Amino acid sequence: MSLSQGLDSPISVARVLNQLSNLTESVSTASCLGSGESDTCRNEPAALRLKLFAIAAILFSGIVGIGTPLVGRKFRHLDSRNGGAGFILAKAFAAGVILATGFVHMLDDAQESLTNECLPDVPWQRFPFTGFIAMLAALGTLVLDFLATQFYEKKQLRATEASTSSKAMADEIITIDEDRGGIQENNPKNMHIIGMHVHAAAHKRDHGDEQMHGHDKKLAGHKHEVELSSHGRHVVVAQILELGILSHSVIIGLSLGVSQSPCQITPLIAALSFHQFFEGFALGGCISQAQFNNFSASIMATFFSITTPSGIGIGIAIASFYNADSPTALILEGILDSISAGILIYMALVDLIAADFLSRKVNYNKSLQVASYVALFLGALSMAALAIWA
């Protein structure tokens, strides 16, 4: 049978039209019959009261969580800059919470959305989009992590070199001025003399004292590069971690806000409050280690604290006409959940767990090492257990 004959047959034309219809339905806003919340627990006035309480509870948990490491700078055991034991253990627990959030909660929600029966078989049932999108998000986070770190380190290195050069020149001028009994800097002739002596002193320092101070300079330069690299990593980690947290906070807040079932909202309040506190603690620790100024730290803390409550508020506003079971909503939520899962899993494993558990502070302290692993597993298992209710 020729191609034209195949296309002219009623069966082939019907099949093509059916596939086009399925693809159109996948991005439409039509609801899916037989899906949605159970009417047995639907109570809009009770749900609204619970959602208002959820906004207050989650906001409070987020503020306390992210504020603890920032305020904890005043206490030795909670000071993130000195790597206090209490801070390391709490951050390990928080890293476990974030890891379980990505693996157990976000990936599962994404899988449920993208394999929902409301979506057509082609293409949503034919390919594992959940894991694929999460993988791309993790790889994209790796590239962003690398590029941002390189950019920040080069920027800081140029600023430091310029500052060091200016300070060295000023020290040379002051030294020559003192040796010659005080040269007037506002005299053009004297300024020329100063320039000649600075050049001579620099030549002597570079060639005469090179062997004596070469080793010390190399050590100082290496230490300075390590400090810049460490500081740059903390800055990048804090910013990317907040990006990953904010992206999924909007989704979980929106999901709670549009729900009209008290049976679903009640366990979510406890789960999200617990989750918000320890996510905030991990993010606050990264912000503290990055040594942001007070204004920048306050902005980042504010955005984290209000994102989930804002999502709940938006959900309340659109609950009357928003259909969470429409194909468009399912696809959008599934994709965003998959992206969030990839970002959180990468950040938890690479920038939180590996960075702390491979550090000298933990490796050379066996008791702290064991306690950190216990805290990590407790955090992961505790957050995973919440999937029973939420």
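First things first, this report covers the structure right here in the doc.

Parameters at a glance
- Counting restarts for each chain, with residues numbered from 1 along the sequence as it is written.
- Thresholds applied to this predicted model are a pLDDT of at least 70 for local features of residues and 80 or more for the giving and counting of side-chain atom pairs; totals over whole chains, interfaces and linings are not thresholded and use all residues.
- To get the side-chain values, all heavy atoms of the structure are used, and hydrogens and water are removed first.
- We count a salt bridge whenever a side-chain nitrogen from Lys or Arg sits within 4 Å of a carboxyl oxygen from Asp or Glu.
- Going along the chain from the N terminus, every DSSP run of H or I of four or more residues is numbered as a helix, and every run of E of two or more is numbered as a strand.
- Relative accessible area decides the class of each residue, using a 1.4 Å probe on protein chains only: under 20% of the type maximum gives buried, over 50% gives exposed, and in between gives partly exposed.
- Two cysteine sulfur atoms make up a disulfide if the distance between them is within 2.5 Å.
- Where helices are involved, their axes are fitted lines through C-alpha atoms of the stretch in contact, as for all axes, and angles between N-to-C directions lie from 0 to 180°.
- Roughly parallel here means an angle under 35 degrees, roughly antiparallel means over 145, roughly perpendicular means 65 to 115, and every remaining angle is called oblique.
- If you view the pair so one helix is near and one far, a crossing is left-handed when the near helix is turned anticlockwise from the far one by less than a right angle, and right-handed when it is turned clockwise.
- Throughout, a residue-residue contact means that at least one pair of heavy atoms, one from each residue, lies within 4.5 Å.
- Only Asp, Glu, Lys and Arg are considered charged in this grouping, and only Ala, Val, Leu, Ile, Met, Phe, Trp, Tyr, Cys and Pro are considered nonpolar; every other residue, Gly among them, is considered polar.
- Any two of the Phe, Tyr and Trp rings considered here, Trp counted by its six-membered ring, make a pair once their centres fall within 6.5 Å; the pair's planes then place it as stacked at under 30 degrees, edge-to-face at over 60, or tilted in between.
- Between the first and last residue of a helix there are one fewer steps than residues, each counted as 1.5 Å, and that sum is the expected span.
- Across the chain, bend at a residue is computed as the angle between axes fitted to the seven residues ending at that point and the seven starting from it.

With that settled, consider the pattern of salt bridges. Scanning all chains against the criterion turns up four salt bridges. Two residues, D356 and K91, come together in a salt bridge whose shortest N-O distance is 3.5 Å. One end of the pair, D356, is in helix 11 (residues 327–357); the other, K91, is in helix 4 (residues 85–114), with 265 residues separating them in the sequence. For the pair formed by D356 and K91, the shared burial category is buried. D145 is paired through a salt bridge with R233; the nearest N and O atoms lie 2.6 Å apart.

Here we come to the state of the cysteines. Enumeration according to the criterion identifies one disulfide in this entry. For C41, the disulfide goes to C263, at an S-S distance of 1.7 Å. Classification of the bridge connecting C41 and C263 rests on its S-S torsion, roughly 90 degrees, and on that basis the disulfide is right-handed. Taken together, the positions of C41 in the loop between helix 2 (10–26) and helix 3 (44–71) and C263 in helix 9 (residues 262–290) put the pair 222 residues apart, joining distant regions of the chain.

A separate point is the packing of helix 9 against helix 10 (residues 294–318). Put simply, helix 9 and helix 10 touch, their axes get as near as 11 Å, and they point 165 degrees apart. With respect to each other, helix 9 and helix 10 are oriented roughly antiparallel. The handedness of the crossing between helix 9 and helix 10 comes out as right-handed. Contact residues: Q276, E279, G280, L283 and I287 in helix 9; A297, M300, F304, S305 and T308 in helix 10. Considered class by class, the residues forming the contact of helix 9 with helix 10 number five nonpolar, four polar and one charged.

Quick look at the environment of P327 now. Secondary-structure assignment places P327 in helix 11. Of the residues examined, P327 reaches a relative accessible area of 5% and is grouped as buried. Each C-alpha atom, one on P327 and one on N116, is 8.8 Å from the other, the two residues being 211 residues apart in sequence.

Looking now at the environment of M135. Residue placement: M135 occurs in helix 6 (residues 129–179). The spatial distance from the C-alpha of M135 to the C-alpha of I343 is 9.0 Å, given a sequence separation of 208 residues.

Next up on the list: the packing of aromatic side chains. Aromatic ring pairs are described here by two measures, namely the spacing of the ring centres and the angle between the planes. Under the definition given, this model contains nine aromatic pairs. With centroids separated by 5.2 Å and ring planes inclined at 70 degrees, the aromatic side chains of F127 and F129 adopt a geometry described as edge-to-face. Between F277 and F278 the ring centres are 4.9 Å apart and the planes differ by 85 degrees, which places this aromatic pair in the edge-to-face class. Taking the relative accessible area as the measure of exposure, F278 reaches 17% and is therefore buried.

This part is about helix 9. The end-to-end C-alpha distance of helix 9, which contains 29 residues, comes to 41 Å, matching closely the 42 Å that a straight helix rising 1.5 Å per residue would cover. Its axis deflected by about 25 degrees at L268, helix 9 carries its strongest bend there. Here helix 9 lies mainly inside the structure; 21 of its 29 residues are buried. Note on helix 9: the residue one or two positions beyond its end, Q291, has a positive phi of about 60 degrees.

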